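Residues per chain are reported as follows:
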Amino acid sequence: MAYVNVPKDLTKIKSKVLFNLTKRQLICFGLAALMGVPLFFLLKGGIGTTAAAMVMIVVMLPGFLFGVYEKNGQPLEVVGRQIIESCFLRPKERPYQTVNAYDALVCQYQMEQEVKAIVEKSRQRGSKSMADKPKLTRAERKQIEAVIRKYRGDGKPHTAQDTIPYQIMYPDGICYLGNRRYSQSIEFFDINYLLAQPDDQTAIFEYLCDLYNYLDSSIHVQFTYPNRKSDREQLARSFEMPPCNDGLDPIRQEQTDILKRQLARGNNGSVKTKYITYTIEADNLKAARARLSRISLDIQGYFKIMGAVSRVLDGKERLEVLHGIMHPNGERFNFDWKWLAAGGLSTKDFIAPSSFAFKNSRMFQMGGKLCAASFLQIITPELTDRILTDFLDTDSSLVVNVHIQALEQTEAVKMVKRKITDLDAMKIQEQKKAVRDGYDMDILPSDLATYGGAAKKLLQDLQSRNERYFLLTFLVLNYGDTKRKLENDVFRTAGVAQKHNCTLTRLDFQQERGLVSSLPLGENQIPIKRGMTTSAVAIIVPFVTQELFQGGDSLYYGLNAQSGNMIMLDRRNARSPNGLVFGTPGGGKSFSCKREMVGVLLKTHDHVLVCDPEGEYRVLTRRLNGQTIMLSADSHDYINPMDIELEENMDDVLRLKSELILSFCEIVMDGKRNIPAEANSVIDRCLPIIYEKYIKDPKPENMPMLGDLYECLKRQPEPQVRRIVTAL
């Protein structure tokens, strides 16, 4: 298990301007004093000193709160705006409601006509010339604003489709988010990171560092890891084998029951996928497509070096991913680009859930599911490469998102230097205070000494090592059928965070923002960010272990030692269908082979051939209604090396058979050097002679045997062939 040191959160260091107060505190306290102190002297004569002091405190209290209060690094006005928007401004109920594109065009035309009528009326009242610009009165301007608001709405999301924060999804997979921002997604697959050797793990970690260092400040990156529960009953039905009435149906039923029990033990009910979404700014689609294409090729190149398979998602595949996140019960996704023009619908109509409901400050409803969005507070001094794995191994439906934004190297260095300057100034103030109070000036507050050393080490890493500075947001979206189930899943996820000395905090009054930021669109609306270096970000390794779980005629090969999932593989569809079984004595090698043999015979129509010198598989062969062929020097069965199959080009068949016979003679005569040079031509001359009868009348009894070759060689006149005849 690898560990990486995490830099201190330097955002907690505030620049002190005067009287050991920050600029914000000075402004807020000064405004509070300007309002409270004059009010105190104004009211003191009328209501008394005590009452005036109480009024002054009440008036000045908001100023003190604005200067001091912070929640998760957010000042009071930001928190207050979030509360007001969540409770009063934004609609809480958002049902599924389609808006036909053709109706929208009609509404646009009607709006233009009404506005044109108002402007025409104003022109007729004033100048008669069409070239003169009409002068609108205040009432007319308000009337035009009312018309526009009537047709275009108030800009707030009133439907489930309006909640999804993108404008256009193009068929090639590029998504336009608005404000000149475009995004694209890549799906990448797992590799055997946990099973790799330490050197290989270090190499993968270094490649991840190179990937993050490749990103500049103009590229926003989002890693999305949906972990959805699939239908175990439907999965279990895929193990069922239809009866064949061959006497082996009871064994088939027993095999099915064993696989269902193994399914219950593993985690194959969870569907785990991995995506990376990158967002850029561009003036138009053409420029965005060119740059996104270059970025996708570079990112796929990094994944290829790490051994991970990756592919760029097209528009339909991205919509399917969004549909899966917003329909966690596994509803089927149906979509075709032709349906948009025919029905006047948008892509959001095919992925939106039945409704959204943001009635609670700590959770929301999405269709028939309750959801809760949380963020991870990274307060630990070091992170391990298992943190993401532990989150995804929880037995619950969730979506983990990691938003990463790089800072320019020069800006990051300036920021750290500024923090060091602030810390030095605070250190000087503490030393002056120590001299005034008469104690040792080297005695400093522990936080000041700790942050000072951490900031200097961070500056050294940025300047002398291949490290960059990133802003990271770690989000977790939990699902639940009931409130109790949701709270239990959130509690279990919080336990994973606590295991790594971190804190999982609910996004109070920001549930909608948490949902939007959890969709793989490259949109982060959560202002809570944590500063991290390249190595600290790369230690959140997105790889665990490769899973082998194929459908069709796949066979059971055991459980994955790392994930506990079933290994189901159809070797005929594998890149290399061959296999070897290794193990210690008594480790189950023979049992593994017998299990695979039984699976092949019960589930497929393939034949199984076993070479069994020890007679270990004889009982199993009889139980499975197989055939046993005994081959030995004194047995009644034998293998005919002269056996062939008739084909159109018999010359090639005889040529291959000649090579086989020559190899056989080499074995018999103990080496190639003992075979005469003329042997090859003699054997080539004899084969057409002995196969002539079988080729004319291809009956099994006409198939030549090795004795026929022996007799034919005896009749050849070359004296060198006598040695081959004698050996045979």
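Residues numbered from 1 in each chain as written. Predicted model: local features only at pLDDT ≥ 70, side-chain atom pairs only at ≥ 80, totals over all residues. Heavy atoms only, no water.

### Side note on the pattern of salt bridges
Turning to step 1, where the next piece is worked out: Applying the stated criterion across every chain, the model contains 35 salt bridges.
Turning to step 2, where the next piece is worked out: With its nearest N and O atoms 3.4 Å apart, the salt bridge here joins Asp-461 to Lys-457. Here Lys-457 and Asp-461 lie together in helix H15 (residues 446-464), a separation of four residues that amounts to about one turn.
Turning to step 3, where the next piece is worked out: Classification of Asp-461 by relative accessible area gives buried; the value is 12%. (Salt bridge = Lys/Arg side-chain N within 4 Å of Asp/Glu carboxyl O. Helix = DSSP H or I, 4+ residues; strand = E, 2+ residues; numbered from the N terminus. Buried < 20%, exposed > 50% of the residue type's maximum accessible area, 1.4 Å probe, protein only.)

### Comments concerning the pairing of strand E12 (residues 275-281)
Across a regular strand the side chains alternate sides, sitting on one face of the sheet and then on the other.
Turning to step 1, where the next piece is worked out: With respect to burial, E12 is a largely interior element, six of its seven residues being buried.
Turning to step 2, where the next piece is worked out: As paired elements, strand E9 (residues 181-188) and E12 share seven bridges and run antiparallel to each other. What sits directly across from Glu-187, in E12, is Tyr-275.
Turning to step 3, where the next piece is worked out: Bridging between strand E10 (residues 220-229) and E12 involves five bridges; their strand directions are antiparallel. Looking at the pairing, Val-221 lines up with Tyr-278 of E12. (Pairing = 2+ DSSP bridges.)

### Some thoughts on the packing of aromatic side chains
Turning to step 1, where the next piece is worked out: Summed over the entire model, instances satisfying the criterion amount to 17 aromatic pairs.
Turning to step 2, where the next piece is worked out: Considering the side-chain rings of Phe-188 and Phe-223, the 6.2 Å spacing of their centres and the 85° angle between planes classify their relative orientation as edge-to-face. In this pair, Phe-188 is assigned in strand E9 and Phe-223 in strand E10, connecting sequence segments 35 residues apart.
Turning to step 3, where the next piece is worked out: Judged by its relative accessible area of 2%, Phe-223 is buried.
Turning to step 4, where the next piece is worked out: An angle of 80° between the planes, with centres 5.9 Å apart, marks the rings of Phe-188 and Phe-543 as edge-to-face. You can see Phe-188 sitting in strand E9 and its partner Phe-543 sitting in the loop between helix H18 (534-538) and strand E22 (555-559), a full 355 residues away along the chain. (Phe/Tyr/Trp six-rings, centres within 6.5 Å; stacked < 30°, edge-to-face > 60°.)

### Considering the side chain of Arg-252
Turning to step 1, where the next piece is worked out: The topology assignment puts Arg-252 in helix H9 (residues 249-265).
Turning to step 2, where the next piece is worked out: At 3.0 Å, the side chain of Arg-252 and the backbone oxygen of Leu-602 are in polar contact.
Turning to step 3, where the next piece is worked out: Apart from the residues within four sequence positions on either side, Arg-252 is in contact with Met-241, Pro-242, Cys-244, Asp-246, Leu-601 and Leu-602. (Polar contact = N/O pair within 3.5 Å; in protein donor to acceptor, adjacent residues only side chain to side chain. Contact = heavy atoms within 4.5 Å.)

### Digging into a nonpolar patch on the surface
Turning to step 1, where the next piece is worked out: Where nonpolar side chains cluster on the molecular surface, the patch consists of Ile-27, Leu-31, Leu-34 and Met-35 and spans about 420 Å² of accessible area.
Turning to step 2, where the next piece is worked out: Structurally, the position occupied by Ile-27 is in helix H1 (residues 23-47).
Turning to step 3, where the next piece is worked out: A residue is classified by how much of its surface remains accessible, and Ile-27, at 47% relative accessible area, is partly exposed. (Patch = residues over 30% accessible without salt bridge, like charges linked within 9 Å, V, L, I, M, F, W, Y side chains within 5 Å. Areas by Shrake-Rupley, 256 points an atom, 1.4 Å probe, with all protein chains shown as cover.)

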